[in-house]
Amino acid sequence: MPATKLSKTAAHDNASRVFDLDAMSLRELNQALHNLTPGSNETAWEVLHPKGSHSVAVGVDQPVTIDVRGSVGYYCGGMNDGAAITVHGSAGPGVGENMMSGSITIKGDASQYAGATGRGGLLVIEGNASSRCGISMKGIDIVVHGNIGHMSAFMAQSGNLVVLGDAGDALGDSIYEARLFVRGKVDSLGADCIAKEMRPEHLELLQGLLDRAGVTGVEPAEFKRYGSARTLYNFNIDNADAY
Amino acid sequence: MTYRNPPTTPRKSATFDDYTLSEIRRAAATGIYDIRGGGAKRKLPHFDDLLVLGASISRYPLEGYRERCDTSVVLGSRYAKKPIELKIPITIAGMSFGSLSGPAKEALGRGATLAGTSTTTGDGGMTEEERGHSKVLVYQYLPSRYGMNPRDLRRADAIEVVVGQGAKPGGGGMLLGQKISDRVAEMRTLPKGIDQRSASRHPDWTGPDDLEIKILELREITDWEKPIYVKVGGARPYYDTALAVKSGADVVVIDGMQGGTAATQEVFIENVGQPTLACIRPAVQALQDLGMHRKVQLIVSGGIRNGADVAKALALGVDAVSIGTAALVALGDNDPRWEADYNELGTTAGAYDDWHEGRDPAGITTQDPELMQRVDPIAAGRRLANYLKVMTLEAQTIARACGKNSLHNLEPEDLVALTIEAAAMAGVPLAGTNWIPGKNGF
């Protein structure tokens, strides 16, 4: 990594690194992020001119902050493990896929498969998310300020999906143990997904998620909870129409 | 004494044979399709339908034990910073922890390592047993993404993006409740005891354009170090190979319909996909048309049993083969020593395929703590290494007879076919003729 190509901004005292993707390659950016070691003082990163690049800041495993100034393509923050990534724009498909820990915030909208297979951490989408949001999620928490598209939380295994707006068709199809909270209307529920009672522990859980996502002026009681009816957990020929 | 007309011998239908009748009765009684492990059991055109020509006046052989015949292969030389070099062109195919016991996975790693080759994870994540005992470990990237994490991705030696497998191109994995133990459930983030049906499609990409971007992401996460394989079931080998190359694969893996599965519907295993033999030439042709033959390596699996199969596959243009079922047999699967136990399960050694039920007498396809102790990982690993070495010696024997100082110098011109079908599929002449069905308008 040629050090001369890196600049330090005056805006940050503590060694903020600015990466301009107009001047440097994606490979250099991700390699620099992967070279970080525990205790590094390079804790604040800024990425300029992403211009829809794919795989921006993937596989980061140190607790740094990364501000991406613009919109990104596929898989931004993929497999993130500890970084706090903010996209000041919109995100393409698969943002935060398989996230382990940390957080990703999208100031704009997100395309398909947001948070797919995520195992931990928090994904906040301040705009809308498209279809298959939270598909196959395995422990991640996802908070969407707007609406989500069809087939969201398909085969969702674990974690929480919070939607302040509406959900499209076939929400939670073939869902396992993930919890879904939707404030607006749901076009339809998928196979084996049902509305469930909102008990005090769920209200408490939801309040915590809203707090972590910085959502104010919204009460947990405004949401409905959805989850698995668990009727398809073991095969039964009389359920064949549902498969 | 009255005269009786001579009776005819009772005749059973070729269409409604005993197996078919038993399956109709079974379906009527249970109301569920038959699920089993393994690959296609029906008779298919295969490597047995090919013969190797050997040397003659125009081709002279190499001395069997004196002249070198190279068996090594490098996989991932296209883009990976750290391609893998194997001593033999026979790898161990992906089989999951969950479908297999921990000791069986360990034995596969030990055997592969002793023989100088790689083993592969499966639809259940990477276990310490196999990472610890496998010098070269390929980490599968599957639609379910069970156990997927960047740490394991980085400690793998190669990554295999699994699009499909030969036993069920277009089908997802299946692990029934009996085998979802606490440990399996935890690795897969699922409740214990449920019937687990893995996704058949990747959750965050569809089609070749997305795959290219997905491969870019995996390369970026692993700093372009790891070879990236793309594995497909034997469905459309020409186009699948071409699209995998276009998507940036270092290695293409094609699994024919004889390739095994832990558990899938019988109707799927026997009726979907193409035989291994039918997949090879189209895949090689795609690589040649793109100018990528030997630059992107081709691995073929599904029904590889001995060194002759290895030699014939390599002669048709593949770079390496992969074994799964045969490796399990080397570990002890379907061993007659457990015949009494097989009989109790209503089957016999050699036919046992209810791997999904988790009661494997050989202790391989089970999560039962008592049964799995029947696999001694050290002894079973040694048997697998022996078997791999025998296969390699056999393949070398054939290659030397053809005058080849490397297994990879075998070529289609070294082969003829015994049947018209095999001649057409393999693109080699029918024995005793110069006729290659489908070539030159005939």
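Residues numbered from 1 in each chain as written. Chains lettered and ligands numbered in written order. Predicted model: local features only at pLDDT ≥ 70, side-chain atom pairs only at ≥ 80, totals over all residues.

- In the nomenclature of an unreviewed UniProt entry, chain B corresponds to FMN-binding glutamate synthase family protein from the organism Mesorhizobium helmanticense.
- According to its UniProt record, chain B has this under Sequence similarities (unreviewed entry): "Belongs to the glutamate synthase family." (UniProt positions renumbered as here; feature names shortened; annotations may be inferred.)

- The name given to chain A in an unreviewed UniProt entry is Protein GlxC, with Mesorhizobium helmanticense as the source organism.

**Thoughts on the overall build of chain A**
Step number 1: The number of helices and strands found in chain A is 2 helices and 12 strands.
Step number 2: Along the chain direction, N to C, the helices and strands of chain A fall in the order β-β-α-β-β-β-β-β-β-β-β-β-α-β.
Step number 3: For 243 residues, the compact-globule estimate of 2.2 N^0.38 gives 18 Å, and the C-alpha radius of gyration of chain A, at 19 Å, lies within 12% of that figure.
Step number 4: When the backbone C-alpha atoms are referred to their principal axes, chain A occupies close to 65 × 40 × 30 Å.
Step number 5: For chain A, with 243 residues in total, the buried portion stands at 51%. (Helix = DSSP H or I, 4+ residues; strand = E, 2+ residues; numbered from the N terminus. Rg over C-alpha atoms; globule rule 2.2 N^0.38 Å. Buried ≥ 20, exposed ≤ 12 C-beta atoms within 10 Å, placed from the backbone.)

**A short note on the overall build of chain B**
Step number 1: What chain B contains, in helices and strands, is 14 helices and 16 strands.
Step number 2: Relative to a compact globule of 442 residues, whose C-alpha radius of gyration would be 22 Å, chain B shows 22 Å and is just as compact.
Step number 3: Counting only C-alpha atoms, chain B reaches 80 × 60 × 45 Å along its principal axes.
Step number 4: A burial count over chain B gives 56% of its 442 residues as buried.
Step number 5: Considering only contacts in chain B between residues 6 or more positions apart, those separated by 24 or more positions represent 67%. (Contact = placed C-beta atoms within 7 Å.)

**Considering the pairing of strand β5 (residues 81-87) of chain A**
Residue and element names in this part refer to chain A.
Step number 1: Counting buried positions along β5 gives 5 out of 7 residues, so the element sits mostly inside the fold.
Step number 2: With 4 bridges joining them, strand β4 (residues 65-69) and β5 adopt parallel strand pairing. Across the sheet, the residue bridging to Asp67 is Thr86, located in β5. (Pairing = 2+ DSSP bridges.)

**Structural notes on the environment of Asp70 of chain B**
All names here are of chain B.
Step number 1: Note on placement: Asp70 falls in the loop between β2 (50-52) and β3 (73-75).
Step number 2: The class for Asp70 is partly exposed, based on 15 C-beta atoms found within 10 Å.
Step number 3: Separated by 329 residues in sequence, Asp70 and Ala399 place their C-alpha atoms 9.7 Å apart.
Step number 4: Apart from residues lying up to four places away in sequence, Asp70 is in contact with Asn405, Ser406 and Leu407.

**A word on the interface of chain A and chain B**
Step number 1: Contact residues are listed per partner, giving 35 residues for chain A and 21 residues for chain B.
Step number 2: Elements supplying a minimum of two residues to the side of chain A that touches chain B: α1 (26-34) and β8 (138-144) of chain A.
Step number 3: For the side of chain A that touches chain B, the element with the most residues is α1 of chain A, which contributes 4 residues.

**Observations concerning the confidence of the model for chain A**
Step number 1: Overall, the predicted model of chain A reaches an average pLDDT of 93, with 91% of residues at or above 70.
Step number 2: Within the model, the stretch residues 1-13 of chain A combines pLDDT values under 50 with 14 contacts to residues more than four positions away or in other chains. (pLDDT = per-residue confidence, 0-100.)

**Regarding the pairing of strand β11 (residues 228-233) of chain B**
Residues and elements named next belong to chain B.
Step number 1: The buried fraction of β11 amounts to 6 of the 6 residues, a majority that puts the element mostly inside the structure.
Step number 2: Relative to β11, strand β8 (residues 158-162) runs parallel, the two sharing 4 bridges. Residue pairing in the sheet places Val161 in a bridge with Val230 of β11.
Step number 3: Examined bridge by bridge, β11 and strand β12 (residues 251-255) share 5 bridges and lie parallel to one another. Among the inter-strand pairings, Val230 is bridged to a residue of β12, identified as Val252.
Step number 4: Following the backbone out of β11, through helix α7 (residues 237-246) and into the adjacent parallel β12, one traces a crossover that is right-handed. (Right-handed = clockwise from strand over helix to strand, strands pointing away.)

**A closer look at the environment of Pro200 of chain A**
Step number 1: Within the element layout of this structure, Pro200 of chain A appears in helix α2 (residues 200-212).
Step number 2: For Pro200 of chain A and Met79 of chain A, which are 121 residues apart along the polypeptide, the C-alpha to C-alpha distance reads 33 Å.

**Topic: unusual backbone geometry**
All names here are of chain A.
Step number 1: A positive phi angle, close to 60°, is found at Ser55, a residue other than glycine.
Step number 2: With 26 C-beta atoms packed within 10 Å, Ser55 lands in the buried category.
Step number 3: For Arg230, which is not glycine, the phi dihedral falls at a positive 60°.
Step number 4: Mapped onto the secondary structure, Arg230 falls in the segment after β12 (224-228).

**Some points on the UniProt feature "domain: Glutamate synthase" (unreviewed entry) in chain B**
Residue and element names in this part refer to chain B.
Step number 1: Summarizing the sequence annotation, UniProt attributes the feature "domain: Glutamate synthase" (unreviewed entry) to residues 77-332 and 356-404 in the numbering used throughout.
Step number 2: Across residues 77-332, helical content stands at 37% and strand content at 18%; the span's end C-alpha atoms are separated by 35 Å.
Step number 3: As annotated, residues 356-404 comprises 51% helix and 0% strand, and the C-alpha atoms at either end are separated by 43 Å.

**As for the UniProt feature "domain: Glutamate synthase alpha subunit C-terminal" (unreviewed entry) in chain A**
Step number 1: Mapped onto this structure's residue numbering, the UniProt feature "domain: Glutamate synthase alpha subunit C-terminal" (unreviewed entry) falls at residues 62-189 of chain A.
Step number 2: Spanning residues 62-189 of chain A, this segment combines 0% helix with 30% strand, and its end C-alpha atoms are found 38 Å apart.

**Considerations on helix α2 (residues 102-115) of chain B**
Residue and element names in this part refer to chain B.
Step number 1: Between its terminal C-alpha atoms α2 stretches 20 Å, which fits the 20 Å expected from 14 residues at 1.5 Å a residue.
Step number 2: Most of α2 is tucked away: 11 of the 14 residues are buried.
Step number 3: Listed as buried for α2 are Pro103, Ala104, Lys105, Glu106, Ala107, Leu108, Gly109, Arg110, Gly111, Ala112 and Ala115.
Step number 4: Looking at the packing, one finds that the buried side of α2 touches β5 (90-92), β6 (118-120), α3 (128-133), α11 (325-331) and α13 (377-401). (Expected span 1.5 Å × (residues − 1).)

**Looking at the packing of helix α10 (residues 307-315) of chain B against α13 of chain B**
Residues and elements named next belong to chain B.
Step number 1: Where α10 contacts α13, the two axes come as close as 7 Å, and the packing angle between them is 55°. Comparing their axes, α13 and α10 come out oblique. With respect to the hand of their crossing, α10 and α13 are arranged in right-handed fashion. Residues Gly307, Ala308, Val310 and Ala311 of α10 pack against Met391, Thr392, Leu393, Glu394, Ala395, Thr397, Ile398 and Ala399 of α13.
Step number 2: Tallied by class, the residues present in the contact of α10 with α13 amount to 8 nonpolar, 3 polar and 1 charged. (Axes fitted to C-alpha atoms, helices over the stretch in contact; angles between N-to-C directions. Parallel < 35°, antiparallel > 145°, perpendicular 65-115°, else oblique. Left-handed = near helix turned anticlockwise from the far one by under 90°. Nonpolar A, V, L, I, M, F, W, Y, C, P; charged D, E, K, R; others polar.)

**Observations concerning the environment of Gly324 of chain B**
All names here are of chain B.
Step number 1: Within the element layout of this structure, Gly324 appears in the loop between β15 (320-323) and α11.
Step number 2: As a C-alpha pair, Gly324 and Gly259 span 65 residues in sequence and 7.4 Å in three-dimensional space.
Step number 3: Excluding residues within four positions of it along the chain, Gly324 makes contact with Ala93, Met95, Gly259, Gly260 and Ser301.

**Examining the sheet that holds β12 of chain B**
Residues and elements named next belong to chain B.
Step number 1: Ordered by their spatial adjacency, 8 strands build an open sheet running β5-β15-β14-β12-β11-β8-β7-β6, and the pairing between neighbours is parallel. In the strand order of this sheet, the two ends are held by β5 and β6, each with one partner. Neighbour to neighbour, the strand axes of the sheet diverge by 30° on average, direction disregarded.
Step number 2: Sheet contacts for α7: β11 and β12; angle to β12, the most-contacted strand, approximately 155°.

**Focus: the packing of α2 of chain B against α13 of chain B**
Residues and elements named next belong to chain B.
Step number 1: Orientation of α2 relative to α13, taken along the N-to-C sense of each, is 40°, at an axis distance of 7 Å. The angle between α2 and α13 places the two elements in the oblique class. Here α2 runs over α13; the crossing is right-handed. Listed contacts from α13 to Pro103, Glu106, Ala107, Leu108, Arg110, Gly111, Leu114 and Ala115 of α2 are Pro377, Ile378, Ala380, Gly381, Leu384, Ala385, Leu388 and Lys389.
Step number 2: Here the contact of α2 with α13 is composed, by residue class, of 11 nonpolar, 2 polar and 3 charged.

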